[in-house]
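Here are the chains, one letter per residue:
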Amino acid sequence: MAFKTLGAKAAAALDKELMSTGAFSIDQLMELAGLSVSQVVYRVHPPTQGRRVLIACGPGNNGGDGLVAARHLRHYGYQPTVYYPKKPKNDLYQRLSKQLEDLEVPFVEDFPAALKSTDHVVDAIFGFSFSGEVREPFSAVIQALEETNVPVTSVDAPSSWSIEDGPPVSGVGSKFNPAVLVSLTAPKPLVKHFKGRHFIGGRFVTPAIAKKYDFEVPQYEGIDQCVEVGNGEQKL
C-alpha cells in the first residue's frame with residue numbers, strides 16, 4: 001500500500017481543523033503524538049539495548065511532542081534526559097516540563113556532552129512548520145547529530161530538512177540521516193529522501209478527515225499507536 005503525503009500547508013490546515021470542528025485540544029493531540037513516538041522508541045530501541053535516551057526539544061509543538069515522549073519513556077523504565085534550551089512561557093509547555101521535573105527527569109544544557117553518554121536520541125527540534133535557516137543553539141545540535149554514531153529517531157521530520165524537498169543541499173543538516181522517522185498523522189513529502197525505518201503515528205484521524213485531506217490512515221494493530229511502513233504490506 002503506497003501512502004500519500006501531506007505537505008506543510010495541508011498539515012497546518014489539518015491541525016487547525018482537528019482543533020476546531022474535530023473538537024480536539026492541542027493537549028490531546030500532543031499527548032497522542034508523543035505517546036506514538038514513545039512506542040516507536042520502545043520498538044526500535046527496547047530497554048535491553050540501553051535505557052539512556054536523550055530527547056532534544058525545540059521551542060514549538062514538535063518539542064512538546066518530545067516532552068510527552070520523555071514522560072512515557074520514563075514510565076516504561078528508561079532513563080530519559082531532556083535538552084530544552086528555549087523553553088516557551090506558554091502554560092502547556094511549562095506543565096509538560098513540570099511533569100518531567102516531578103519524575104526527576106534531568107534537563108541538561110550541554111548537548112554534546114549528554115550525547116556522549118546516551119544510547120538513543122529523539123530529535124524533536126523542528127516539525128512540519130520549519131523553514132529558513134537553522135540558528136544556534138540548534139545548528140550545533142544538528143551538526144552533532146550528523147556526526148554521532150548513536151541512533152536517532154526524528155519526530156515528523158529530520159530537523160533542518162525541508163518538508164517538501166528533504167535535506168539541505170549543503171551546510172547544517174545536509175548530512176543528517178536519522179535511523180528512524182515517525183511521521184505524525186501522515187508522511188510528509190520529504191520521506192522520498194529518507195532511507196531508514198519509517199513509522200506513522202497519531203491514531204486519532206477520522207475517516208472523514210482523511211478523505212477530505214486525501215490521505216490514508218494506516219491499519220493500526222490492537223492497542224498500537226504506531227505502524228511501521230516501508231516494508232511488508234504497508235509500503236511507501
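As annotated in an unreviewed UniProt entry, the protein chain carries the name NAD(P)H-hydrate epimerase and is attributed to Coniochaeta hoffmannii. Taken from UniProt, the Sequence similarities (unreviewed entry) comment for the protein chain reads in full: "Belongs to the NnrE/AIBP family."

1. Notes on the sheet that holds strand β1 (residues 52–57)
Across a sheet, strands are paired by hydrogen bonds formed along the backbone, either parallel or antiparallel in direction. Here 8 strands make up an open sheet; going across it, the order is β3-β2-β1-β4-β5-β6-β7-β8 and the pairing mixed. The open sheet has two edge strands with one neighbour each: β3 (107–108) and β8 (226–229). Direction of pairing for strand β5 (residues 152–155) relative to strand β6 (residues 180–184): parallel, over a ladder of 3 bridges. If you follow valine 155 over to β6, its bridge partner there is valine 182. Where helix α2 (residues 26–44) meets the sheet, it contacts β4 (120–124), β5, β6, β7 (197–201) and β8, and its direction lies at approximately 155° from that of β6.

2. Details of the side chain of histidine 120
Locating histidine 120 in the fold gives a position in strand β4. Residue contacts for histidine 120: discarding those within four places in its chain leaves Val41, Val44, His45, Arg52, Val53, Leu54, Val150, Pro151, Val152 and Thr153.

3. Thoughts on the environment of alanine 140
Checked against the element boundaries, alanine 140 lands in helix α6 (residues 138–147). Here the alpha-carbon distance between alanine 140 and phenylalanine 199, two residues 59 residues apart in the chain, equals 27 Å.

4. Some thoughts on the UniProt feature "binding site: K(+)" (unreviewed entry) in the protein chain
Here, UniProt's "binding site: K(+)" (unreviewed entry) annotation points to Asn62, Asp123 and Ser159. Despite a sequence span of 98 residues, these residues sit close together in the fold, their greatest C-alpha distance being 9.9 Å. Looking at the secondary structure, you find aspartate 123 in strand β4. Apart from the residues lying within four places of it in its own chain, the contact partners of aspartate 123 are Ala56, Asn62, Leu145, Val152, Thr153, Ser154, Val155, Ala157, Pro158, Ser159 and Phe176. Serine 159 gets classed as buried once you look at its relative accessible area, which sits at 0%.

The rules behind the values
Residues numbered from 1 in each chain as written. Predicted model: local features only at pLDDT ≥ 70, side-chain atom pairs only at ≥ 80, totals over all residues. Heavy atoms only, no water. UniProt positions renumbered as here; feature names shortened; annotations may be inferred. Pairing = 2+ DSSP bridges. Helix = DSSP H or I, 4+ residues; strand = E, 2+ residues; numbered from the N terminus. Contact = heavy atoms within 4.5 Å. Axes fitted to C-alpha atoms, helices over the stretch in contact; angles between N-to-C directions. Buried < 20%, exposed > 50% of the residue type's maximum accessible area, 1.4 Å probe, protein only.

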